[in-house]
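Here are the chains, one letter per residue:
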Amino acid sequence: MSQPSETQGAWDPSYNFAFLDEQTKRMIRRAILKAVAIPGYQAPFASREMPMPYGWGTGGIQVTAGVIGPDDVLKVIDQGSDDTTNAISIRKFFVRTTGVRTTESTGDASIIQTRHRIPESPLREDQILVYQVPIPEPLRFLEPRETETRQMHALEDYGLMHVKLYEDIARHGHIATSYAYPVKVAGRYVMDPSPTPKFDNPKMDRCPALQLFGAGREKRIYAIPPYTEVKSLDFDDYPFELPTWDAACALCGDTHSFLDEVILDDAGGRMFVCSDTDHCRERRANGHVGPAAAAAPFETMSAAP
Amino acid sequence: MTTMLKIEQVAKTFTLHVQGGVEISVFQGLDLTVDAGECVVLSGGSGVGKSTLMRMIDANYVCPSGRILVRHDEDWVDMASAHPHQIIEVRRRTIAYVSQFLRVVPRVATLDIVSEPLRAVGVDAEEARARAAGLLQRLRIPESLWSLSPITFSGGEQQRVNIARGFILGRPVMLLDEPTASLDAANREVVLDLIREARNRGAAIVGIFHDADIRDAVSTRAFEMAHYARQAA
Amino acid sequence: MIGAAQPILQADDVAHYYGRHRGCEHVSFDLFPGEVMGVVGESGSGKSTLLSTLYGRLTPTAGRVTCRTRTDESVDIHTISEPERRLLMRVDWAFVHQNPRDGLRMNVSAGANVGERLMAVGERHYGDIRSKAIDWLERVEVDAERIDDLPATYSGGMQQRLQIARNLVTGPRLIFMDEPTGGLDVSVQARLLDLLRGLVTDLGLSAIVVTHDLAVVRLLAHRLLVMRKGRVVESGLTDQVLDDPQHPYSQLLVSSILRT
């Protein structure tokens, strides 16, 4: 079983600290300040060309580059996991351009850049959660005109958001939107929480950590300041509901975390495991055991580096 | 007797712009007063403007000079100068205009067409339809036709639907333009009765009747239009 | 009752110019509660420009358009704030486009189309919204079974009726119609006209109907504006204008149609 790796890498001095030049970082910080001042509002920023394709987190990386300092400890997760290609690449990028320490432990990190998940363990005031956002505009599904959606935000004209939820109920009998579930921030702006599962929505509400959202291709930054009210939209007779699983995590036995389905073989064999790998590892380290924890094949897999 | 209608120094000229601006003078200096309970029959040959005058009283035609005063509740409304919404009000409650020609919305059932004037003054649907049914029965429109639009009816049937619509609400001023033109004897009798009843309840009636028998049966006074024809210079 | 109240809409010497080109000018009228006004004229006569200016979509080059809200306030629709204007548009006013695709959301179901205005004014009970949508579909003679179908699967006449339901669900008092029967078959037109007439009468709506079809205004409108080259050449009671037109252009217009 691997322990949380904490590494102190070497900063390649041919790069400016955090890759971006100082003026660009200041521009991004100004956009962040504006976003923090107007919770949920999509502040435009001059997104830069990054040394990776759009969709790999260019928005999140620029936000992280804007806020990171030499003393920070960085954690990067992708779908809850610290060890996907994307997460590793981004971590390496920052190690090389800043030399900061990195970690897989949620509790040890001061900045967590994430794609599509919020860590299971509660965040603290001294932490920043940076989301990678593909499409920041929650209204776009029904109103493709950017000029019009901006007006709608400005005028708090959000009936359309409920049209989408209405369609869900009419078609599926319940609100079937299960990720990127729209929220209202501080009672004012409707916001797309990026494609996180709606399971994570309650974690955004009154979260002690600062939450920053960066959309590189769309050139938008938005934010939820600490302890801000974040409410998931719903109907009086179809209230927001959290998804539940019949299964517990096969490895750590947790019944309250977000589970991924893992296909084991071609014969329909499958199991559910925590999507948050750090959370799962920590639980197992504390002696929690899931029904499949002793299964040999998986033990070999998880022991791999 | 209460005066219901006062026509003062009315003249009418048609200018046909599409035909080189030809002017057709119909009449001038026309005065006519009609009291409640009177049935004034307009007379005169073809072209003296009998129908034109009727239409002017209803404000269907423009009245370019003079006044056409209609007693509407306790007020006098000049149909020559009233605002459209006032005219609509007068037509809704005071003037009934019955012509030979039925003009209706396609698809609307006969019963609804006939009861509509009652609905427009606030009679509830149930009662309005019941009264319409009674009148249609009296005018011998077969019940099987009531739910159909009159557009496909025969000329005589259409005319009777029109009469029913005109008489259903006892409006105090009635304009009857050849209401019996294409009716058979039995139906004509019914219409005569309706006219007499209207007169007896105090309606002021202005009518055009081609048929001398009918004229004699309902008329209280004849009004000769030819006197007002503009003399050729 | 017509005439008993203050005008619901007042146009005071309204003009709109496209640069130096005259769209419409010198248009003044009062529209009263329950009154339906037709605007007729050939293509290019400025009737659609006038409608857009009255509705607030175009800014008048001169003059003003005042409307009375349901709270009985008199507001200049071109100077009120955008939130007020939007509220007015979805609570007090309605607009029926010639092409239903311009007035419907084609990518959501019929029910969502009807419910949108309700949700926009804050209704948050799915069951209530749905039952109101069903009620309105029935009132415009659309089978309630089809509430979850996309408008694209509807016929042209049904789409137009759906557009009307979507507009009337919040109980507006003034409805703007731009060639409402324009793209429809004759038989479908008659049905729609009849429906519109019934709704206008039953709900006591005021309406402004722009059309080149004189049969439409004869059935729907109490009075008419005849427009030519951006100006009103004649106005008055509908049947008076159609049966005894005074202006040479009105006479031409009336004499050009086939009698029915």
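Bear in mind that the values here come from a model prediction, so they are computed numbers and not experimental data. Position labels on residues start from 1 in each chain and follow its written sequence. The order in which chains are written sets their letters, starting at A; the order in which ligands are written sets their numbers, starting at 1. Local features are withheld for residues below a pLDDT of 70 in this predicted model, meaning they are given only at 70 or higher, and side-chain atom pairs are given and counted only at 80 or more; totals for whole chains, interfaces and linings count all residues. Note: side-chain values were computed over all heavy atoms of the structure, leaving out hydrogens and water.

Helix and strand content of chain B: seven helices and nine strands. Taking 233 residues into account, the globule formula puts the C-alpha radius of gyration at 17 Å, and chain B, at 18 Å, falls close to it. Taking the principal axes of its C-alpha atoms as reference, chain B extends roughly 55 × 40 × 35 Å. Counting every position in chain B, which comprises 233 residues, the buried fraction comes to 53%. Split by element, the accessible area of chain B, about 10100 Å² in all, is 47% carbon and sulfur. When charges are counted, Lys and Arg contribute as positive and Asp and Glu as negative, whereas His and the chain ends are disregarded. Charged groups are reduced to one reference atom each: NZ for lysine, CZ for arginine, CG for aspartic acid, CD for glutamic acid. Here chain B contributes 26 positive and 28 negative side-chain charges, whose respective centroids are spaced 3 Å apart. Only DSSP runs of H or I with at least four residues qualify as helices, and only runs of E with at least two residues qualify as strands; both kinds are numbered from the N terminus onward. The globule rule is 2.2 Å times the number of residues to the power 0.38, and the radius of gyration it is compared with is taken over C-alpha atoms. Burial status follows relative accessibility: with a 1.4 Å probe on protein chains alone, a residue under 20% of its type maximum counts as buried, one over 50% as exposed, and anything between as partly exposed. Computed by Shrake-Rupley with a 1.4 Å probe, the accessible areas treat only the displayed protein chains as cover when residues are assessed.

Once contacts are tallied for each of the two pairs of chains in contact, the highest total is for chains B and C. By definition in these notes, contact holds between two residues if any of their heavy atoms fall within 4.5 Å. With no contact between them, chain A and chain B keep their nearest C-alpha atoms 34 Å apart.

Residue and element names in this part refer to chain B. Note that domain bounds follow an automatic or database assignment of domains. Here chain B is described as being made up of domain 1 (1-94 + 172-233) and domain 2 (104-170). Relative placement of domain 1 and domain 2: their C-alpha centres are 24 Å apart. In this assembly, 21 residues from domain 1 lie in contact with 14 residues from domain 2. In this description, buried area is defined as the sum, over both parts, of the accessible area (probe of 1.4 Å) that is lost when the two are combined. For the pair domain 1 and domain 2, the two sides together bury roughly 1400 Å², of which 60% comes from carbon and sulfur. Put simply, Glu-197 and Arg-138 hold a salt bridge, and the shortest N to O gap is 2.6 Å. By the criterion applied in these results, polar contacts are pairs of N or O atoms within 3.5 Å in which, for protein atoms, one can donate a hydrogen and the other can accept it, and in which residues neighboring in sequence qualify only through two side-chain atoms. Linking domain 1 to domain 2 there are five residue pairs in polar contact (both at pLDDT 80 or more). Contributions of two or more residues to the side of domain 1 that touches domain 2 are made by helix H2 (84-93), strand S7 (173-177) and helix H6 (185-200). Broken down by element, the residue count for the side of domain 1 that touches domain 2 peaks at nine residues, all from H6. Any Lys or Arg side-chain nitrogen found within 4 Å of a carboxyl oxygen on Asp or Glu counts as a salt bridge.

Put simply, a disulfide is two cysteine sulfurs that come within 2.5 Å. The final tally for this structure, using the stated rule, is zero disulfides over all chains. As a non-bridged cysteine, Cys249(A) has Cys274(A) as the owner of its nearest cysteine sulfur, 3.6 Å distant.

Turning our attention to the interface of chain A and chain C. Taken together, the 22 residues of chain A in the interface contact 22 residues of chain C. Summing the contributions of chain A and of chain C, the shared interface buries around 1900 Å²; its carbon and sulfur component is 58%. Three residues, Leu155(A), Val163(A) and Tyr166(A), lead the burial of chain A against chain C; their summed loss comes to 29% of the area buried on that side. Our count for the chain A to chain C interface comes out at four salt bridges. In this structure, the connection of chain A to chain C is made through 13 residue pairs in polar contact (both at pLDDT 80 or more). Elements represented by at least two residues in the side of chain A that touches chain C include exactly helix H4 (146-154) and helix H5 (159-172) of chain A. Take the side of chain A that touches chain C: its biggest share by element is nine residues, from H5(A).

All names here are of chain C. By definition, two strands form a pair when at least two bridges between them are found by DSSP. The sheet contact formed by strand S9 (residues 223-228) and strand S10 (residues 231-237) spans six bridges and is antiparallel. Bridging across to S10, Met-227 finds its partner in Val-232. Hairpin connection between S9 and S10: a loop of two residues separates the two successive antiparallel strands, and Lys-229 in this loop has a positive phi of roughly 50 degrees.

In this section: the sheet that holds strand S3 (residues 36-40) of chain C. An order of S6-S7-S8-S3-S9-S10 (chain C) is seen for the six strands of this open sheet, with the pairing classed as mixed. A single partner strand is all that each edge strand has here, and the edge strands are strand S6 (93-96) and S10 of chain C. Averaged over all pairs of adjacent strands, the angle between strand axes in this sheet comes to 15 degrees, irrespective of strand direction. Lines fitted to C-alpha atoms define the axes, with helix axes restricted to the stretch in contact, and inter-axis angles between N-to-C directions lie between 0 and 180 degrees. Across the sheet, H2(B) lies against S9 and S10 of chain C, angled at about 20 degrees from S10(C), the strand it touches most. Here helix H6 (residues 156-168) of chain C sits on the sheet in contact with S6 and strand S7 (174-178) of chain C, set at roughly 170 degrees to S6(C).

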